[in-house]
Amino acid sequence: LLRAHFEDFIEMAQSRGETAVKNGSYGRKFKTSFGLIQVSIPRDRANLYRDCLPPRIHSIPALEDDILALYDRSMTYSEISQVLSAKSGCPISESTIQKVVQSAYGEYEKFMNEPLPDCPFIFLDGTWINLKRAYTEGHANVQGECVMVALGYTNDGKKRVLSFSVTLNEGASAWEKVLGDRKERGCRNPLMFITDGLQGMTEAIARVFPKARHQRCVVHVSRNLLNMCRKRDRSAVAEDFKRVYEKRTLKEARAELAEFLKKWGRTYERFRSILSDPDIFSYCELPWPIQRSIYTSNAIEGFNSRVKATVRKRVSMNSIGNCLYSILAAVRWYNASASRRTLRCLKEMKDGELKQCGFTVRAS
């Protein structure tokens, strides 16, 4: 923090045309949570620099931790500067705070390379944010980019964000690379992937995990059906289709689907092509207690909402590093919160039940 603050002082002095020359440092002793330490305080030759530590104190606050904690809570640089300057009694500039945040960007590389637990059920979804990445003729080019998120249920029933990546275009080929990376990091025995209706996802999943099943989110299917309906029919179509995907067995679901198409198929012929996808009913092969947690991608929507809330104050993320760190803050918050809850039916599910459904036995 002192180095960032001193560099900021030198840059500001030089921008004003003043001569600012480094002149070594001197020591101050402080009591901290790690014991008594000596801190090297930088100084300039004209003795104009005033460090960001309050004078005449013998204990040091964890300002760097405070900066990152406030930044994780979506506060802007100016807001953090106001809060911490008032708290410490010494002004802390926005550029100093920015340098401290940037020094923590390396956490993303660590997160993206750590081993993953084996997850039987994995949700894949993308959410869009605005990001400044390219610069043309001196002007920032802001455009929407997709945050591709993989979230899984572990064998003990805990939800966990496994990874995320930012890309210009969400497509099956991009997801195939994501799946390959997850496999290399230890997620080797997934039973089922739950996604929206992105074209080519079934084939992409099969190329990386040939034995895994694919479940299309029934809520997304329902939305597609409603988009083809007249407004006056939407409520009735939604209710009728809900009766289809709430059936416990594949036989019951297909019988109810036949009734649904008998009623609506003649009026809306495109319903038949949408509902001919066998991946809509993959959840029926699972034991009943877990079906309602698997047939939609709602499990990942909560995290996507958190990502949007985290970046909302930064409407246009001003760098890719800033973007990755902000999303990583949302990951840390979400994983800590989700670890306190357990999907009990998954934790209690036995391998024998999975064998009966035709699934591969889970890894220990």
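Residues numbered from 1 in each chain as written. Predicted model: local features only at pLDDT ≥ 70, side-chain atom pairs only at ≥ 80, totals over all residues. Heavy atoms only, no water.

**Details of the packing of aromatic side chains**
Note the following rule: A pair of aromatic rings is counted whenever rings of Phe, Tyr or Trp (Trp by its six-membered ring) have centres within 6.5 Å, and the orientation is called stacked for planes under 30 degrees apart, edge-to-face for over 60 and tilted otherwise. Exposed residues in this analysis have more than 50% of their type's maximum accessible area, buried residues have under 20%, and partly exposed residues fall in between, with area computed by a 1.4 Å probe over protein chains only. Only when the NZ of Lys or the CZ of Arg is both within 6 Å of the ring centre and within 35 degrees of the ring normal is a charge said to sit over the ring.
In this structure the tally under the stated criterion is 17 aromatic pairs. Here the aromatic rings of Trp 333 and Tyr 334 are separated by 6.5 Å at their centres, their planes lie at 55°, and the arrangement is tilted. Its relative accessible area of 6% is what places Tyr 334 among the buried residues. Each residue in the set Phe 241, Tyr 245, Phe 260, Trp 264, Tyr 268, Phe 271, Phe 281, Tyr 283 and Tyr 295 is aromatic and connected to the rest through ring pairs, giving one cluster. When the ring centre of Phe 209 is taken as reference, the NZ or CZ atom of Lys 183 above it lies at 5.5 Å. In this structure, Arg 306 packs its charged tip against the face of Trp 333, placed 4.0 Å from the ring centre.

**Examining the pattern of salt bridges**
Stated precisely, the cut-off is as follows: We define a salt bridge as a contact between a side-chain nitrogen of Lys or Arg and a carboxyl oxygen of Asp or Glu at a distance within 4 Å. Note on conventions: DSSP H or I runs of at least 4 residues are helices, E runs of at least 2 residues are strands, and numbering of each starts at the N terminus.
Overall, the coordinates contain 11 salt bridges when judged by the stated rule. The shortest N-O distance in the salt bridge between Asp 181 and Arg 185 comes to 3.6 Å. The exposure class of Arg 185 is buried, given its relative accessible area of 10%. Residue Arg 213 is joined to Glu 285 by a salt bridge in which the shortest nitrogen-to-oxygen separation is 2.0 Å. Note that Arg 213 is positioned in strand S7 (residues 213-216) and Glu 285 in the loop between helix H11 (270-274) and helix H12 (288-294), a separation of 72 residues in sequence. You can call Arg 213 partly exposed: its relative accessible area is 24%. In the salt-bridge network here, residues are joined through shared partners; they are Asp 181, Arg 182 and Arg 185.

**Some details on the nonpolar core**
How we decide: Nonpolar core, defined: a set of buried Ala, Val, Leu, Ile, Met, Phe, Trp, Tyr and Cys residues in which side-chain atoms within 4.5 Å join the residues together. What makes two residues a contact is simply this: any of their non-hydrogen atoms within 4.5 Å.
Counting 35 residues, the largest nonpolar core has Phe 121, Phe 123, Phe 164, Ile 294, Phe 303 and Ile 327 as the members making the most contacts within it. Elements with a contribution of two residues or more to this core: helix H5 (107-113), strand S3 (121-136), strand S4 (139-153), strand S5 (159-167), strand S6 (192-195), H12, helix H13 (298-311) and helix H14 (320-338). Broken down by element, the residue count for this core peaks at eight residues, all from H14. Those residues in contact with Phe 123 that lie beyond four places of it in its chain are Val 149, Ala 150, Leu 151, Tyr 153, Ile 194, Ser 293, Ile 294, Thr 296, Ser 297, Ala 299 and Ile 300.

**Side note on helix H10 (residues 250-264)**
Short version of the rule: One less than the residue count of a helix, multiplied by 1.5 Å, gives the span that helix is expected to have.
Taking 1.5 Å as the rise per residue, H10 with 15 residues should run 21 Å; its terminal C-alpha atoms sit 21 Å apart, in good agreement. Contact partners of the buried residues in H10: helix H8 (218-227), helix H9 (234-245) and H11.

**Topic: the packing of helix H1 (residues 2-15) against helix H4 (residues 94-102)**
The following threshold applies: Here an angle of 0 to 180 degrees is reported between the N-to-C directions of two axes, which are lines fitted to C-alpha atoms, with helices fitted over the stretch in contact. Each angle is binned into one of four classes, with values under 35 degrees roughly parallel, values over 145 roughly antiparallel, values of 65 to 115 roughly perpendicular, and all other values oblique. Should the near helix be turned counterclockwise from the far one by less than a right angle, the crossing is left-handed, whereas a clockwise turn marks it as right-handed. Here the nonpolar group is Ala, Val, Leu, Ile, Met, Phe, Trp, Tyr, Cys and Pro; Asp, Glu, Lys and Arg are the charged ones; every other residue, Gly included, is treated as polar.
Remark: H1 packs on H4, axes separated minimally by 9 Å, with the N-to-C direction vectors making an angle of 135°. Taken as axis vectors, H1 and H4 run oblique relative to one another. Crossing of H1 against H4: the hand is right-handed. Counting all contacts with H1, which are made through Ala 4, His 5, Glu 7, Asp 8 and Glu 11, the residues of H4 involved are Ser 95, Thr 96 and Lys 99. Taken together, the residues of the contact of H1 with H4 break down into one nonpolar, three polar and four charged.

**Description of the side chain of Asp 118**
Convention followed: By the counting rule applied here, Lys and Arg register as positive and Asp and Glu as negative, while His and the ends of each chain are not counted. Any pair of nitrogen or oxygen atoms within 3.5 Å is treated as a polar contact; in protein, a donor-acceptor pairing is required on top of that, and neighbouring residues in sequence qualify only through side-chain atoms on both sides.
For Asp 118, the location among the structural elements is in the loop between H5 and S3. Despite its burial, Asp 118 remains without a salt bridge, the nearest opposite charge being carried by Arg 188 at 7.4 Å. Side-chain polar atoms of Asp 118 contact the backbone nitrogen of Arg 188, separated by 3.1 Å. A distance of 2.9 Å separates the side chain of Asp 118 from the side chain of Asn 189, its partner in a polar contact.

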